[in-house]
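A structural walkthrough
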Amino acid sequence: MSQNEEVLSYPLPYDTALSAPAEWERLRAKCPVATVELPSGDHAKLLTRHEHVKGLLSDPRFARPGAGDNAARVSPEGTGGAAANGDMALAVPATGEGHQHWRRLVGKYFTAKRMAALRPGMVEIAERLIDDMVASGAPADLKAALGFPLPVYVICDMLGVPADDHHRFSRWSDMFLSTSRYSREETAQGLTEFTQYMSGHVAAKRATPTDDLIGMLIGESEQEGQGLTDAQLVSTAMGLLVAGHETTANMIGKMMAMLLVDRTRYERLLAEPRLVRTAVEESLRFDANNGFGLRRYLTDDIEVEGETLPAGTTVLCSMSAGNRDENVFAGADDMDLGRSPNPHLTFGAGPHSCLGQSLARTELQVVLETLLRRLPTLELAVPEQDLRRVEGLLVGGLREVPVRW
């Protein structure tokens, strides 16, 4: 790094919980490969153009930093959960044929066809949760009443774990994704408890076959003779449970806040409910509060926009910034509920793209369809300026989404 090179503090500043950092536009135009300083004090490279983010995420050579990599640390010494420290998938191969084999096995249970079969059950859950929210009266926190419990119930049912343990899962998930919320001792203890819980869960399913996702993975693995080890099954279950708790739950809250902060958006969907699917995709694209972005650790030299990034570099791929790239999305700073095509990068790209994207899309569509039908007068109960971001975690979200009807 040259002495005159600009170094930006990361995460970048923003005006409101839903707004995009003003710096994105300048970086895409003037400095598409920027140097940033993370909360740890370590430096990384930040990509903000759609083509660069997609290109790096699609490169099968590179994955998230692992515990053995000399990667830039997200968190200051003594803090950070398993995901921030690179300990999140030790049992699952990060690249190569081993990773693709794992994806083929697990991906069979996240097809669009299978998710369609789960949709009626999701609708029932959404109806029940909205009934409870309405019975409790307005104002209500839409995230706590609907956004959080719906994906939790769904993923717990898929994995065959008791939803009554959701408070423990929530705590473990926060520790898993923590950047500064917990101490090293707390995150280490949480990871131990989480691993022990899931190890017992997997052992019980080996002893007594079940038809949930983990049970089916065990059965199919034994038939093929190329199955996942217990450690891989434990890592898989933990990763899916964290994703079900944090990413989709947060996205439900953000989607509804974006649609209600300018209520003409919600009113358009009331008039044109056929736009629900494209509105969900546009909400995923328009989300400016997506967390840290995806990290990639370079094991080979690569060139981006004429700059050589040497092996050993940690790169932050800002999907949210790439999703606002005017070279790809006309009117990128406008939320166009009918936008199609919509090649957003929210679920990543290439061999490491999100396995659960069909599940997330289905849950978001069900929530939006059900709220439009049940609560046509829904509105935010606070001004946009009062919405608060989740802090101290790798993922982005809102602390609460106050609504009335």
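Please read these numbers as outputs of a predicted model, since none were measured by experiment. (Residues numbered from 1 in each chain as written. Predicted model: local features only at pLDDT ≥ 70, side-chain atom pairs only at ≥ 80, totals over all residues. Heavy atoms only, no water.)

Sheets are built from strands paired through backbone hydrogen bonds, the pairs being either parallel or antiparallel. Across the sheet, 5 strands lie side by side as β1-β2-β3-β8-β5; this open sheet has mixed pairing. Either end of the sheet is taken by a strand with one partner, and the two such strands are β1 (7-9) and β5 (294-297). Geometrically, the sheet is characterised by an average inter-axis angle of 40° between neighbouring strands, direction not taken into account. Packed on one face of the sheet, helix α2 (residues 50-57) meets β3 (43-47), β5 and β8 (314-317) and runs near 125° to β8. (Pairing = 2+ DSSP bridges. Helix = DSSP H or I, 4+ residues; strand = E, 2+ residues; numbered from the N terminus. Axes fitted to C-alpha atoms, helices over the stretch in contact; angles between N-to-C directions. Contact = heavy atoms within 4.5 Å.)

In this fold, Y297 is placed in strand β5. With 17 residues separating them in the primary sequence, Y297 and T314 have C-alpha atoms 4.7 Å apart. Dropping the residues within four chain positions of it, Y297 is found in contact with F62, A63, P65, D69, N70, A71, G312, T313 and T314.

What follows concerns the packing of aromatic side chains. For the structure shown, the criterion picks out 6 aromatic pairs. Centroid distance F169 to Y197: 5.3 Å. Interplanar angle 80°. Geometry classified as edge-to-face. Remark: Y197 occurs in helix α9 (residues 184-207) and F169 occurs in helix α8 (residues 166-176); sequence separation between them is 28 residues. Y197 gets classed as buried once you look at its relative accessible area, which sits at 17%. Their ring planes at 20° and their centres at 5.3 Å tell us that W172 and F194 sit as a pair that is stacked. Note that W172 is positioned in helix α8 and F194 in helix α9, a separation of 22 residues in sequence. (Phe/Tyr/Trp six-rings, centres within 6.5 Å; stacked < 30°, edge-to-face > 60°. Buried < 20%, exposed > 50% of the residue type's maximum accessible area, 1.4 Å probe, protein only.)

On to the pattern of salt bridges. Per the counting criterion, the structure on display carries 29 salt bridges. Across the salt bridge formed by R181 and D174, the nearest N and O atoms sit 3.4 Å from each other. Among the salt bridges present, the one from R274 reaches E272, with a minimum N-O distance of 3.0 Å. Accessibility expressed as a relative area gives 65% for R274, which makes it exposed. By sharing partners, the salt bridges in this structure join E127, D131, R373 and R374 into a single network. (Salt bridge = Lys/Arg side-chain N within 4 Å of Asp/Glu carboxyl O.)

Attention now moves to α8. Inspection of α8 places H166, F169, W172, S173, D174, M175 and F176 among the buried residues, and these make up the whole buried set. The elements touched by buried residues of α8 are α3 (82-85), α7 (149-159), α9 and α11 (230-261).

Now for the side chain of T313. Inspection of the secondary structure assignment puts T313 in the loop between β7 (307-309) and β8. A distance of 2.7 Å separates a polar atom in the side chain of T313 from the backbone oxygen of P310. Ignoring sequence-local partners within four residues, the contact set of T313 consists of K45, R296, Y297 and L298. (Polar contact = N/O pair within 3.5 Å; in protein donor to acceptor, adjacent residues only side chain to side chain.)

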